[in-house]
Amino acid sequence: MALDEIKISRAILDRYFNKLSDCMELDVAVVGAGPSGLMAAFRLAEKGHKVAVFERKLSIGGGLWGGGMMFNEIVVQEEGAAILKNLGVGVEEAGEGYYTADAVECTTTLASLACKAGVKIFNLVSVEDVMVRENRVTGLVINWTAVEMANLHVDPLTVRSKFVIEATGHATEVLKVIQRKGDAKLLTESGQIAGERSMWAEVAEDTTLKNTREAFPGVYVAGMAANATFGSFRMGPIFGGMLLSGERVAKLIHERLSA
Ligand code: 48H
């Protein structure tokens, strides 16, 4: 068979545009392909929901790849270890209730499981705004990261979604844009993003789960963004809370979608 460059190019274009076009209407749009976003997307797709993840960077995995200070191992406790084992990730005991796992194996396994469950991941796409109807978020406004980086004046496209998961990590970008542009208050005590506090791993791991909830009508917050939104601590390179948060947000949204 003679290779035809135009056929190769057309195959990419056709497949990509069909994929994107099919994701213009979703059950759940996840912003950020870090551990909490990937975990949530996987669990929701497993339940049969239509899910896409929008990730600004070329790479997926967020902070999971880098372990702690680029030593690419992560630490989890008992509950996190159970999740990783269930996903098929190799986990090693480190004594006294701590477990380690290879950060690269965690990221690739999670991403692979999500894709195989039907999640569509759009890397190199940034979420720059949300779509609203009467004090409820009804979708995302997306643009190429390259447009954002080059600061070009190019209008975005829009994706409709029954629910949005804000999983942008420390940045809390989706809620920041809602806070900046809307007259409406967030579902926090002050109505604003409370802000992330300094390191206190024990409390932070615990509150990550409690803070994984609806933060604005139609928007659930997960992972590090949950603690930043509701004003809790950071926890460093311990990742069980991120995985549990992904599972929790998936469960909460599944219940809403099934009601
Ligand atoms: C598209 C975006 C946008 C946008 C950001 O930071 P993450 O890994 O997020 P989590 O919450 O799943 O995990 C947090 C964890 O990695 C971490 O940082 C921990 C545990 N820190 C503790 C500590 O003390 O420091 O991933 C978020 C992803 C990234 O890949 C971003 O590129 C992406 O979201 N993102 N994607 N549109 N507007 N903003």
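To be clear, the structure that these remarks concern was listed above.
Residues numbered from 1 in each chain as written. Predicted model: local features only at pLDDT ≥ 70, side-chain atom pairs only at ≥ 80, totals over all residues. Heavy atoms only, no water.

Asks: Explain the overall build of the protein chain to me, please; I cannot follow it from the model alone.
Replies: Within the protein chain, the regular secondary structure consists of 9 helices and 11 strands. Taken over the C-alpha trace, the protein chain has a radius of gyration of 18 Å; the compact-globule value for 259 residues is 18 Å, and the two agree within 12%. Across the 259 residues of the protein chain, 48% fall into the buried class. For the protein chain, contacts bridging at least 24 residues in sequence account for 66% of all contacts bridging at least 6. When the accessible surface of the protein chain is split by element, carbon and sulfur atoms take 54% of a total near 13,400 Å². (Helix = DSSP H or I, 4+ residues; strand = E, 2+ residues; numbered from the N terminus. Rg over C-alpha atoms; globule rule 2.2 N^0.38 Å. Buried < 20%, exposed > 50% of the residue type's maximum accessible area, 1.4 Å probe, protein only. Contact = heavy atoms within 4.5 Å. Areas by Shrake-Rupley, 256 points an atom, 1.4 Å probe, with all protein chains shown as cover.)

Asks: Explain the site of the ligand to me, please; I cannot follow it from the model alone.
Replies: Close to the ligand lie 28 residues, the nearest being Ser 36, Glu 55, Gly 63, Arg 234 and Gly 236. One nitrogen or oxygen atom from the side chain of Ser 36 is found 2.7 Å from an oxygen atom belonging to the ligand. In the model, an oxygen atom of the ligand is placed 2.6 Å from a nitrogen or oxygen of the Arg 234 side chain. Relative to its unbound accessible surface of 800 Å², the ligand loses 92% to contact with the protein. (Near = heavy atom within 4 Å. Polar contact = N/O pair within 3.5 Å; in protein donor to acceptor, adjacent residues only side chain to side chain.)

Asks: What's the story with the sheet that holds strand E3 (residues 73–76) in this structure? I'm lost.
Replies: Pairing between the strands of a sheet comes from backbone hydrogen bonds, and it takes one of two forms, parallel or antiparallel. Reading across the sheet, the 3 strands line up as E3-E5-E4 and stay open at both edges, with antiparallel pairing between neighbours. Looking along the sheet, the strands with just one partner apiece sit at the ends: E3 and strand E4 (91–95). This sheet shows a mean twist of 35 degrees between the axes of neighbouring strands, independent of strand direction. Pairing between E3 and strand E5 (residues 98–102): 4 bridges, direction antiparallel. Opposite Val 75, over in E5, you have Thr 100 as the bridge partner. Strands in contact with helix H3 (residues 78–87) are E3, E4 and E5; relative to E3, the strand with the most contacts, it is inclined by about 120 degrees. (Pairing = 2+ DSSP bridges. Axes fitted to C-alpha atoms, helices over the stretch in contact; angles between N-to-C directions.)

Asks: How should the nonpolar core be read in this particular structure?
Replies: In summary, soluble globular proteins display a tendency toward joint burial of nonpolar side chains. In this structure, Ile 74, Leu 84 and Ile 165 are the most contacted members of the largest nonpolar core, which totals 49 residues. Counting 29 residues, the second largest nonpolar core, distinct from the first, contains Phe 122, Val 125, Val 127 and Ile 142. (Core = buried A, V, L, I, M, F, W, Y, C linked by side-chain atoms within 4.5 Å.)

Asks: Looking at this structure, how should I read the packing of helix H2 (residues 35–46) against helix H4 (residues 103–116)?
Replies: Geometry of a packed helix pair, given as the angle between the helix axes and the separation of the axes. The geometry of H2 relative to H4 is characterised by a closest axis approach of 8 Å and an angle of 30 degrees between their N-to-C directions. The angle between H2 and H4 falls in the class roughly parallel. For the pair H2 and H4, the sense of crossing is left-handed. Contacts between H2 and H4 involve Pro 35, Leu 38, Met 39 and Phe 42 from the former and Leu 110, Ala 111, Leu 113 and Ala 114 from the latter. When the residues that make up the contact of H2 with H4 are grouped by side-chain class, the tally is 8 nonpolar, no polar and no charged. (Parallel < 35°, antiparallel > 145°, perpendicular 65-115°, else oblique. Left-handed = near helix turned anticlockwise from the far one by under 90°. Nonpolar A, V, L, I, M, F, W, Y, C, P; charged D, E, K, R; others polar.)

Asks: Got a minute to help me understand the state of the cysteines in this structure?
Replies: Covalent bonding between the sulfur atoms of two cysteines defines a disulfide. Inspection of every chain in the model, using the stated rule, returns 0 disulfides. No disulfide involves Cys 23; its nearest neighbouring cysteine sulfur is the one of Cys 115, lying 11 Å away. A residue is classified by how much of its surface remains accessible, and Cys 23, at 2% relative accessible area, is buried. With no disulfide of its own, Cys 106 lies closest to Cys 115 among cysteine sulfurs, the gap being 16 Å. (Disulfide = S-S within 2.5 Å.)

Asks: Any chance you could explain unusual backbone geometry here in plain terms?
Replies: In most cases, non-glycine residues show a negative phi, while peptide bonds are predominantly trans. In this model, Glu 134 sits at a positive phi of 45 degrees, which is unusual for a non-glycine residue. Within the fold, Glu 134 resides in the loop between strand E7 (125–132) and strand E8 (137–144). Backbone geometry places Asn 135, a non-glycine residue, at a positive phi of 60 degrees. By the element assignment, Asn 135 lies in the loop between E7 and E8.

Note that all results are geometric; they support no functional claim without further evidence.
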